[in-house]
Amino acid sequence: MSNFKRFLKHEVVDFLYHLLLAVMSVIWLLPVAWLILNSLRLEKDPYIAYILPKTFTLQNYVNLFTNTRDFDFPRWFMNTLTVAIFSCLISTLLILMISYTLSRLRFPARRLYMNILLILGMFPGFMAMVAVYHLLNLMNLTQTLTGLVVIYSSGAALTYYVAKGFFDTIPRSLDEAATLDGASKNTIFWRITLPMSRPIITYTIILTFIAPWVDFIFANVIMRGKSDKWTVAVGLRNMIERNNVLEYFTQFCAGIVVVSIPLVILFMLTQKNYVAGVTSGSTKG
Amino acid sequence: MKRTLAIALALMLALFALAGCGTDTDSGSSSNSGNSSNSGSSTTDSGSSTADSGTSTDSGTAANDGETVDLLVWGPQEDQEFLAVVAERFKAANPQNTYNFTFGVVKEDEVKSRLGEDITSGADVFRLPDDQMRDLVNSGSLYEITRNADNVKSRNAQSSVEGAILGGKLMGYPSAADNGYYLYYDKSVLSDEDVKTLDAILEKSAAAGKKLVYPITIGWVGYSWLLAQGTFEFDGDGKLTDCDFNNADGVAAIEAAVAMVAHSAFLNGDFDQVSSGLGDTVAAGVGGGWMADAIQEKLGDNYGVTKLPTATMGGKQVQLSSWAGGKIVGVNSHTQVPVHAMDFADFLTSEEMQQLAFEMRQTGPSNINVANSDALKGVPHLAALAYQAQFAQVQAKMSDPYWSPVEALMQEINAGLTGDVQSALNAVVEQLFLANG
């Protein structure tokens, strides 16, 4: 009897947990589902009182890539992809090298340096936007994709701490053994530490790859009116301006769905390592 | 350790250097790089801008043949095709010079902030809403129009020209008179006779179980009640000189607004509810030109658009008022080529090009001849705009601080005004005069 009771209790608690999770997943997935449904809708009106489209169509996606006279989405997509790949490569390299340096090397003012980086990282980057704009202007980098790559990767060092936490967990004895075999710090970084750091490399790659896709403020200020150098965030925003929203809303939704595709692919490919990276990097500060 | 650092640094330097080369060669828009190289000394430039502009005008008029001119032009996305056509025609009309056009996508109402960020890399020629002109003149961003000014004043409608003049100087070329609001309605619910008075609209809509959407809490629309019988005047610098919203007529207007809000068919919404609700739960709504296509598509044969109705104020029918605004083509005060920029702006706002803008983009023209053409009268919402314009006030010299006092009053009315109407209006007038400076 008591066994049955325990079983019942177990079942009930389990059921409640699952119910809670189900409700939460619905809440989280609803906006995504809404977005996808809107992107498949034939009626153009952005403000509707129903959820399921009256007529389904793929025309919005087709228009997005073929009707480029007003809104050159393919170009913006390629721009963003280019910026994302380059800034991802540069920042990942920077973050890993800086984290390794701060984790393994001992030099004067190391602690001070770390604290300064930490505090600098707490200021929102866009506060310095106007200054950044004028600096880039002096270097002739405004309205160029290079300028965006510089912006997205130059702050990379400020986010060193998770990667440093990860490097701290790799036993020092490995380094020492390698040193005895005649390896320099440089060799150790490339040959010993990096091969053992797949989780944190993945984590850094994902983080730095996403930034250009979601940033609007900097891209908007740097590119100004140069529409052939816009990123997707700036371009899509333009699609739902007052004069365009009645015509282009569903196409805008399709654009957002398309933008999420590279991110989802990257995430699915690296999901296992990503979770490991977040947890292992945060065990030791 | 040092070596690692050195290598890393060297790599980065190399990267930046390469990046620099790449952009120089591929950017192609020499007007930009020309401007940005100038930015270092922009502060010293602006100090003596009048002297500068004097000399550059001279040099421009002296040698206007065989030049190569780079012009950067800003316009909204939907106007890009139109601008490209205009540019081609401009080149054809001026074969003595070589013009290199670059187009940037900047919406009209974003021009002010884009120029504020960095005027030296701003466009040479741009379009702006006329109610932003005052701010741009105050910040020294606009070049005074010296070329073809008399012709500009005579070929455009009086109200549009007034909107482009500030402190006695012409600061831009009137390009469109397309901003304003009027009444869209569903002909299956309301007859042409019904839409003449607010009372009939409300009654018939209520009978059909539908709504009238009148977004009074948007200050721009809220003014329509106060302007109906009120005086609201500016001097040449845009300072408020006369405002009598708090007299007996003003009280009657606000009482009429209160009565409308209390009616069961009234809905204070936003413009989106007008465009999405018409043909559905909405019988009539106040809106502007940007929603015309969408509403026409929705209502089909039942599409109706006309001036705002009359409202019962103090026992008599009074026509509701509105704002008449438009677009102005301005020239950047920091432009390297003021003469050519003005020539292009002049061309862009000429009768032929306004006719073209009407054909390609259905832009409401400021040019007198185009505005009086039969083709224009065949476009219902432009006809309604012109009809309502007779009862409208020129919006050009308005600036941001003037909206919020009226907006606050309309919020109160919408929530069910409890206090005394007279004292509420006194407060509004006082705040409007305070906003003066």
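Residues numbered from 1 in each chain as written. Chains lettered and ligands numbered in written order. Predicted model: local features only at pLDDT ≥ 70, side-chain atom pairs only at ≥ 80, totals over all residues.

J.: Describe the overall build of chain B, and please don't skip the residues or the numbers.
T.: Looking only at helices and strands, one finds 21 helices and 17 strands in chain B. Looking at chain B as a whole, 48% of its 437 residues qualify as buried. Look at the contacts in chain B between residues 6 or more apart in sequence, and 76% of them connect residues 24 or more apart. (Helix = DSSP H or I, 4+ residues; strand = E, 2+ residues; numbered from the N terminus. Buried ≥ 20, exposed ≤ 12 C-beta atoms within 10 Å, placed from the backbone. Contact = placed C-beta atoms within 7 Å.)

J.: Quick one: what's the story with the sheet that holds strand β7 (residues 182-186) of chain B, residue by residue and with numbers?
T.: All names here are of chain B. If you trace the five strands from one edge of the open sheet to the other, you get β11-β8-β12-β7-β13, paired in mixed fashion. The open sheet terminates on both sides in strands that have one partner only, identified here as β11 (266-267) and β13 (303-306). Alignment of strand β8 (residues 211-213) against β11, held across two bridges, turns out to be parallel. Within β11, the residue paired with L212 across the bridge is F266. (Pairing = 2+ DSSP bridges.)

J.: Describe the packing of helix α12 (residues 248-262) of chain B against helix α21 (residues 421-434) of chain B, and please don't skip the residues or the numbers.
T.: Residue and element names in this part refer to chain B. It is the contact of α12 with α21, at a shortest axis distance of 10 Å, that shows an interaxial angle of 110°. With respect to their mutual orientation, α12 and α21 come out roughly perpendicular. Here α12 and α21 pass one another in a crossing that is right-handed. Contacts between α12 and α21 involve G250, V251, I254 and E255 from the first element and V421, Q422 and L425 from the second. Residues belonging to the contact of α12 with α21 are distributed by class as follows: four nonpolar, two polar and one charged. (Axes fitted to C-alpha atoms, helices over the stretch in contact; angles between N-to-C directions. Parallel < 35°, antiparallel > 145°, perpendicular 65-115°, else oblique. Left-handed = near helix turned anticlockwise from the far one by under 90°. Nonpolar A, V, L, I, M, F, W, Y, C, P; charged D, E, K, R; others polar.)

J.: Describe the nonpolar core, and please don't skip the residues or the numbers.
T.: Formed by 177 residues in total, the largest nonpolar core has its most connected members in B:V125, B:L212 and B:A284. For this core, the element with the highest residue contribution is helix α3 (residues 73-104) of chain A, accounting for 15 residues. Residues contacting B:A284, with those up to four places away along its chain left out, are B:L183, B:Y184, B:Y185, B:D186, B:L190, B:V195, B:I201, B:S205 and B:L212. (Core = buried A, V, L, I, M, F, W, Y, C linked by C-beta atoms within 7 Å.)

J.: For helix α4 (residues 110-122) of chain A, give the residues involved together with the corresponding values.
T.: Its 13 residues place the ends of α4(A) 19 Å apart at the C-alpha level, agreeing with the 18 Å of an ideal helix rising 1.5 Å per residue. Sparse coverage of α4(A) is indicated by the burial of zero of its 13 residues. (Expected span 1.5 Å × (residues − 1).)

J.: Now, about the environment of B:N94: what can you tell me, with residues and values included?
T.: All names here are of chain B. By the secondary structure assignment, N94 is in the loop between α5 (80-93) and β2 (98-105). Using a count of 17 C-beta atoms within 10 Å as the deciding quantity, one classes N94 as partly exposed. Taking the C-alpha atoms as reference points, N94 and L166, 72 residues apart in sequence, are found 30 Å from one another.

J.: Kindly report on the domain arrangement of chain A, identifying the contributing residues and their values.
T.: All names here are of chain A. Along its sequence, chain A is organised into domain 1 (2-58) and domain 2 (60-281). Taken together, the contact between domain 1 and domain 2 spans nine residues of the former and 12 residues of the latter. Partitioned by chemical class, the residues of the side of domain 1 that touches domain 2 number four nonpolar, three polar and two charged. (Domains from an automatic or database assignment.)

J.: How would you summarise the pairing of strand β10 (residues 240-243) of chain B if you had to cite specific residues and measurements?
T.: All names here are of chain B. Direction of pairing for strand β9 (residues 232-234) relative to β10: antiparallel, over a ladder of three bridges. Across the sheet, F232 pairs through a bridge with C243, a residue of β10. Once β9 ends, the chain turns through five residues before running back antiparallel as β10, passing G238 with a positive phi of about 85°.

J.: How would you explain unusual backbone geometry if you had to name every residue and give the values?
T.: The general pattern is negative phi for most residues beyond glycine and trans for most peptide bonds. Residues and elements named next belong to chain A. Even without glycine at this site, A109 takes up a positive phi of about 65°. Turning to its location among the elements, A109 is positioned in the loop between α3 and α4. Given 9 C-beta atoms within a 10 Å radius, A109 is considered exposed.

J.: So what's going on with the pairing of strand β12 (residues 282-287) of chain B? Which residues, and what values?
T.: Residues and elements named next belong to chain B. Judged by how many residues are buried, β12 sits mostly within the fold: six of six residues are covered. The sheet contact formed by β7 and β12 spans four bridges and is antiparallel. Pairing of Y182 across the sheet is with G287, part of β12. Bridge count between β8 and β12: three bridges; the pairing is parallel.

J.: So what's going on with the confidence of the model for chain B? Which residues, and what values?
T.: Residue and element names in this part refer to chain B. Confidence along chain B averages 84 in pLDDT terms, with 85% of residues attaining 70 or more. Every residue in residues 17-63 is under pLDDT 50, and counting partners more than four places away or in other chains gives 50 contacts. This prediction of the complex comes with two scores: 0.76 for pTM and 0.70 for ipTM. (pLDDT = per-residue confidence, 0-100.)

J.: Account for the packing of α3(A) against helix α10 (residues 198-214) of chain A, naming residues and giving values.
T.: All names here are of chain A. Interhelical geometry of α3 versus α10 gives an angle of 140° and a closest axis separation of 8 Å. On the basis of their axis angle, the class for α3 and α10 is oblique. The two elements α3 and α10 meet at a crossing, and its hand is right-handed. Of the residues in α10, those in contact with T80, V83, A84, S87, C88, S91, T92, I95 and L96 of α3 are I201, T204, I205, T208, F209, A211, P212 and W213. Across the contact of α3 with α10, the residue classes break down as 11 nonpolar, six polar and no charged.

J.: Account for the confidence of the model for chain A, naming residues and giving values.
T.: The predicted model of chain A averages 88 in pLDDT, with 96% of residues at 70 or higher. No element of chain A has a lower mean pLDDT than helix α13 (residues 242-281) of chain A, at 83, and none a higher one than α3(A), at 94.

J.: Break down the environment of A:L141 for me, citing the residues and quoting the values.
T.: Within the fold, A:L141 resides in the loop between α5 (129-138) and α6 (145-154). Taking the C-alpha atoms as reference points, A:L141 and A:M223, separated by 82 residues in sequence, lie 9.9 Å from one another.

J.: Lay out α5(A) with the relevant residues and their values.
T.: Residue and element names in this part refer to chain A. Within the sequence span of α5, burial applies to V132, Y133, L136 and N137. Around the axis of α5, the buried residues are gathered within 140° of arc, so they sit on the same side. Turned more than 90 degrees from where α5 packs its buried face, A131 and L138 sit exposed. One or two positions beyond α5, positive phi appears at N140, with a value near 65°. (Arc of directions from axis to C-beta.)

J.: Which residues make up the domain arrangement of chain B, and what are the values?
T.: Residue and element names in this part refer to chain B. Here the domain parsing of chain B yields domain 1 (67-178 + 325-377) and domain 2 (181-323 + 399-434). Between the C-alpha centres of domain 1 and domain 2 the distance comes to 31 Å. Counting from both sides, the interface comprises nine residues of domain 1 and, opposite them, six residues of domain 2. For the side of domain 1 that touches domain 2, the class distribution of residues is one nonpolar, four polar and four charged.

J.: How would you summarise the environment of B:L227 if you had to cite specific residues and measurements?
T.: All names here are of chain B. As for its position among the elements, L227 is in helix α11 (residues 219-229). Here the alpha-carbon distance between L227 and F245, two residues 18 residues apart in the chain, equals 7.9 Å. Discounting residues that sit within four places of it in the chain, L227 has contacts with F232, S321 and Q393.

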